[in-house]
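Each chain, letter by letter, is given below.
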Amino acid sequence: MDNNRNTEDKATQINKVIDNYFNTNTDKNWIPAKEIMSDLVKAGVFTKDQKKGLPLRKVLRALDKDNLLNTIPSVHAERTETAIYWYIVRAGVTYTPIETTDSVSKKERAKAVRENSDEFYIINLCDELLKAKASRKHTFPFLLGDMHKRGKIRTKLPLAAFYEDANLVIEFLEKENTTEAYLEKLQVITSSGITRGEQIIRYNKRRRDVLEKKNINLIEIDYSLFENDAKNNLSRTKDKDVSLIKNILKQYLK
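Residues numbered from 1 in each chain as written. Predicted model: local features only at pLDDT ≥ 70, side-chain atom pairs only at ≥ 80, totals over all residues. Heavy atoms only, no water.

Participant: I tried to follow the overall build of the protein chain on my own but got confused; where do I start?
Facilitator: For the protein chain, the count of helices and strands is eight helices and nine strands. When its C-alpha atoms are laid out on the principal axes, the protein chain stretches across 70 × 40 × 35 Å. Within the protein chain, residue pairs in contact and separated by at least 24 positions form 54% of the contacts whose partners lie at least 6 positions apart. Accessible surface for the protein chain amounts to roughly 16,800 Å². Of this, 49% is attributable to carbon and sulfur atoms. Computed over 46 positive and 37 negative side-chain charges, the separation of the two mean positions in the protein chain equals 3 Å. (Helix = DSSP H or I, 4+ residues; strand = E, 2+ residues; numbered from the N terminus. Contact = heavy atoms within 4.5 Å. Areas by Shrake-Rupley, 256 points an atom, 1.4 Å probe, with all protein chains shown as cover. Lys, Arg positive; Asp, Glu negative; His and termini not counted. Charge placed at Lys NZ, Arg CZ, Asp CG, Glu CD.)

So this is what it looks like as structure tokens:
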């Protein structure tokens, strides 16, 4: 009860700062929530900013969890499958996301990004060495995720690559990622009632256990074995990468 009261008190303070912001900035109709943090700190609502608006996001999440988000009427929550993006919107104005006009469809852009990924790059090299074309994002009917909310269906868990002739699955260990957006994504609660981070650990173990039970070979490739650039992407020095992959796949090479 005390926590709810404290959160609601914060909401009252936040509303005052929001009203003052829009009264002062008459040219703005909406802003990302993090942009009002400096005003909130100046007003004493929060002692300092952390991780570009984390104190405010914590309050918004708490209100959202208790169905009290309407106590800050100016807040708009843009929800996706994996995250919530918060915006502050002027009273009487409807939030309109900025849309890009692009002749390339979202599906085509996603395909291009996927095919240029480090995962696809390594699998391409594996294809060359194994003289076979992997089934990418392969699924088996016996390898399933947790039950969905309604308790009726389970999604097949995808595997990075499957080479049928070699009876071999290739998976990749998660890259180290400490960005705020990624860490927040790991805290999202899934339909299983656990966080996304916990679900990743659970599903990785399930893949290993089920594949072993079905006598399907599994190799897990760690990106950190390869040379990486400053952005933690592979440097893609092909000769060195091929040499490394040859060693990883040596028992499967003819």
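Right, picking up where we left off after that structure.
Participant: Teacher, can you tell me more about the sheet that holds strand S3 (residues 84–89) here?
Facilitator: Hydrogen bonding along the main chain pairs the strands of a sheet, whether they run parallel or antiparallel. The strand order S1-S3-S2 describes an open sheet built from three strands, whose pairing is antiparallel. Each having just a single partner strand, strand S1 (30–32) and strand S2 (75–79) make up the two edges of the open sheet. In this sheet, neighbouring strand axes are inclined to one another by 30° on average, regardless of whether the strands run parallel or antiparallel. Both S1 and S3 contribute to a ladder of three bridges, which runs antiparallel. For Ile31, the partnering residue across the bridge sits in S3 and is Ile88. In the packing of helix H3 (residues 54–65) onto the sheet, the strands contacted are S2 and S3, and the crossing angle to S3 comes to about 100°. (Pairing = 2+ DSSP bridges. Axes fitted to C-alpha atoms, helices over the stretch in contact; angles between N-to-C directions.)

Participant: Mind showing me how you'd approach the packing of aromatic side chains here?
Facilitator: To describe a pair of aromatic rings, one takes the distance between the centres and the angle between the planes. Under the defined criterion, the tally for this structure stands at five aromatic pairs. The interplanar angle of 10° and the centroid separation of 4.9 Å between the aromatic rings of Phe140 and Phe142 together place this pair among those described as stacked. A relative accessible area of 9% places Phe140 in the buried class. Here a set of aromatic residues connected by ring pairs shows up, and it is made of Phe140, Phe142 and Phe162. (Phe/Tyr/Trp six-rings, centres within 6.5 Å; stacked < 30°, edge-to-face > 60°. Buried < 20%, exposed > 50% of the residue type's maximum accessible area, 1.4 Å probe, protein only.)

Participant: Looking at this model, I keep getting lost on the packing of helix H5 (residues 118–130) against helix H8 (residues 238–248). Mind explaining?
Facilitator: Helix packing geometry: the angle between the two helix axes and the distance between the axes. Where H5 contacts H8, the axes come no closer than 10 Å and their chain directions differ by 65°. Handedness of the crossing formed by H5 with H8: right-handed. Listed contacts from H8 to Tyr121, Ile122, Leu125, Cys126, Glu128 and Leu129 of H5 are Lys238, Asp241, Val242, Ile245 and Lys246. For the contact of H5 with H8, a count of residues per class yields seven nonpolar, no polar and four charged. (Left-handed = near helix turned anticlockwise from the far one by under 90°. Nonpolar A, V, L, I, M, F, W, Y, C, P; charged D, E, K, R; others polar.)

Participant: In this structure, what is going on with the environment of Ala91? I would like to understand it.
Facilitator: Structurally, Ala91 is set in the loop between S3 and helix H4 (106–115). In the structure, Ala91 is positioned 37 residues away from Glu128 in sequence and 59 Å away in space, judged by C-alpha atoms.

Participant: I keep staring at helix H7 (residues 196–213) and nothing clicks. Help me out?
Facilitator: One full turn of an α-helix is made of 3.6 residues, so residues set three or four places apart face in the same direction. Given a rise of 1.5 Å per residue, 18 residues ought to cover 26 Å, and the 25 Å separating the end C-alpha atoms of H7 matches this to within 8%. Residues Arg196, Gly197, Gln199, Tyr203, Arg206, Arg207, Val210 and Leu211 constitute the buried set of H7. Against strand S5 (144–147), strand S6 (154–156), strand S7 (159–163), strand S8 (168–172), helix H6 (180–186) and strand S9 (217–221) lie the buried residues of H7. (Expected span 1.5 Å × (residues − 1).)

Participant: I tried to follow the pattern of salt bridges on my own but got confused; where do I start?
Facilitator: When the charged atoms of two side chains lie near each other, side chains of opposite charge can form a pair. Across all of its chains, the model carries 15 salt bridges by this definition. Between Lys175 and Asp118 there is a salt bridge, with the nearest N and O atoms lying 2.5 Å from each other. Remark: Asp118 occurs in helix H5 and Lys175 occurs in the loop between S8 and H6; sequence separation between them is 57 residues. What makes Asp118 buried here is its relative accessible area of 8%. Between Lys238 and Glu128 there is a salt bridge, with its nearest N and O atoms 3.5 Å apart. With a gap of 110 residues between them, Lys238 in helix H8 and Glu128 in helix H5 connect regions that are remote in the sequence. Members of the salt-bridge network, linked through shared partners, are Arg57, Arg61 and Glu184. (Salt bridge = Lys/Arg side-chain N within 4 Å of Asp/Glu carboxyl O.)

Participant: Looking at this model, I keep getting lost on the sheet that holds S8. Mind explaining?
Facilitator: On the basis of which strands lie adjacent, the open sheet formed by four strands has the order S4-S7-S8-S9 and mixed pairing. Whereas interior strands pair on both sides, the edge strands pair on one side only; in this sheet they are strand S4 (135–138) and S9. Averaged over all pairs of adjacent strands, the angle between their axes in this sheet comes to 30°, without regard to strand direction. As paired strands, S4 and S7 are joined by three bridges and run antiparallel to one another. Each bridged residue has a counterpart across the sheet, and for Ser135 the counterpart in S7 is Phe162.

Interpretation note: all reported values are geometric properties and have no functional meaning in isolation.
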